[in-house]
Amino acid sequence: MTKRMIAGNWKMNSAQSATGEFFDKLEAWFEFDELGRFASKAIKSGDLEVVVAPPFTSLETARSSCTSDLVQIAAQNVHHEAKGAYTGEISLPMLEELGCKYVIIGHSERRHIFGESDEFIKRKLMASLESSVLPILCVGELLEEREAGDMKKVLKRQITEAVGESLTSDIVGDMIVIAYEPVWAIGTGKAATDKDADEACGYIRDVISSKFGPSTADKIRILYGGSVNLDNCAELMTQKNIDGLLIGGASLSVDSFSRIVAKTAPGIYRQK
Ligand code: PGA
């Protein structure tokens, strides 16, 4: 069984005090709430991974508040160089030192607000694969691209430009997570339908399969992101090609994030 991933992307929200509070509550939920204990069992048995990506300034607080190690910490961005004259940037060795397990690369807000190119995203992805911080590569089409019938073309380009020919199938299958996040669904309250999300994630698998073979395509974890909430999360997770969720707005409060984790945890929750 594929290890599911439920990841929260906090974007530019939650400074240190809010982060400390979030993790204190989440830790208590894992320990004392029946649903929390159910989710923690799934995490400990290796069927579920819960990830939170706070802003850089809250990473240390997140790590030190997460005493149970049930939650993995991710950064939201990184620079591909290890050090140097790159004012305002953060490197992979810095994230390693902070105990980050993952880094989000190529989020649509990085691509479209900050103008990150496929080439720049590729450098970040390749550098992360040389480090101990694993990439969550985001891909997704704009509304006008979907309406023009170019969804597949865009996904194929973003994936093939980022995931270079030099990588082995094992590296791709075991170390990279891909998140399909259609830009029109991010922060809009208009999530993709289960069918559309599954179709796009299935297409991403086809692209990986054609480059790295069917077993790699089977192994690689593919998440859906874009207006995921408590009402649509469970249905999305029943889709064949969706192995997890990348959640923005609904990951900011412990209440909604923990309920999404519980609702999508593998296994059947049995009330006493
Ligand atoms: P959203 O954001 O859940 O608020 O739509 C998702 C994301 O940008 O990762």
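Cut-offs applied
- Residues numbered from 1 in each chain as written.
- Predicted model: local features only at pLDDT ≥ 70, side-chain atom pairs only at ≥ 80, totals over all residues.
- Heavy atoms only, no water.
- Near = heavy atom within 4 Å.
- Polar contact = N/O pair within 3.5 Å; in protein donor to acceptor, adjacent residues only side chain to side chain.
- Areas by Shrake-Rupley, 256 points an atom, 1.4 Å probe, with all protein chains shown as cover.
- Nonpolar A, V, L, I, M, F, W, Y, C, P; charged D, E, K, R; others polar.
- Core = buried A, V, L, I, M, F, W, Y, C linked by side-chain atoms within 4.5 Å.
- Buried < 20%, exposed > 50% of the residue type's maximum accessible area, 1.4 Å probe, protein only.
- Helix = DSSP H or I, 4+ residues; strand = E, 2+ residues; numbered from the N terminus.
- Salt bridge = Lys/Arg side-chain N within 4 Å of Asp/Glu carboxyl O.

**Brief notes about the site of the ligand**
Thought 1: Within the structure, the ligand sits among 13 residues, and Lys-11, His-107, Glu-181, Gly-187 and Ser-227 are positioned closest to it.
Thought 2: Within the contact set of the ligand, an oxygen atom lies 2.7 Å away from a side-chain nitrogen or oxygen of Glu-181.
Thought 3: A distance of 2.9 Å is found between an oxygen atom of the ligand and a backbone nitrogen or oxygen belonging to Gly-249.
Thought 4: Here the ligand, which alone exposes 280 Å², has 95% of that area covered by the protein.
Thought 5: A per-class count over the shell around the ligand returns 4 nonpolar, 7 polar and 2 charged.

**Things to note about the nonpolar core**
Thought 1: Counting residues in each nonpolar core, the largest one holds 74 residues, and the members touching the most others are Ile-6, Phe-23, Val-163, Ile-176, Tyr-180, Tyr-224 and Leu-245.
Thought 2: Sort the elements by how many residues they give to this core and helix H10 (residues 194–212) lands first, with 8 residues.
Thought 3: One finds Met-5, Leu-134, Cys-138 and Ala-179 within the second-largest nonpolar core, a separate group that totals 14 residues.

**Considerations on the pattern of salt bridges**
Thought 1: Throughout the structure, instances matching the rule amount to 15 salt bridges.
Thought 2: Note that Arg-221 and Glu-49 form a salt bridge whose closest N and O atoms lie 2.9 Å from each other. Of this pair, Arg-221 sits in strand S7 (residues 221–225) while Glu-49 sits in strand S2 (residues 48–53); the two residues are 172 residues apart in sequence, bridging distant segments of the chain. Here Arg-221 matches Glu-49 in class, with each residue buried.
Thought 3: Here Glu-116 makes a salt bridge to Arg-110, at a shortest N to O gap of 2.9 Å.
Thought 4: Look at the salt bridges and you will find they share partners, linking Glu-49, Lys-101 and Arg-221 into a network.

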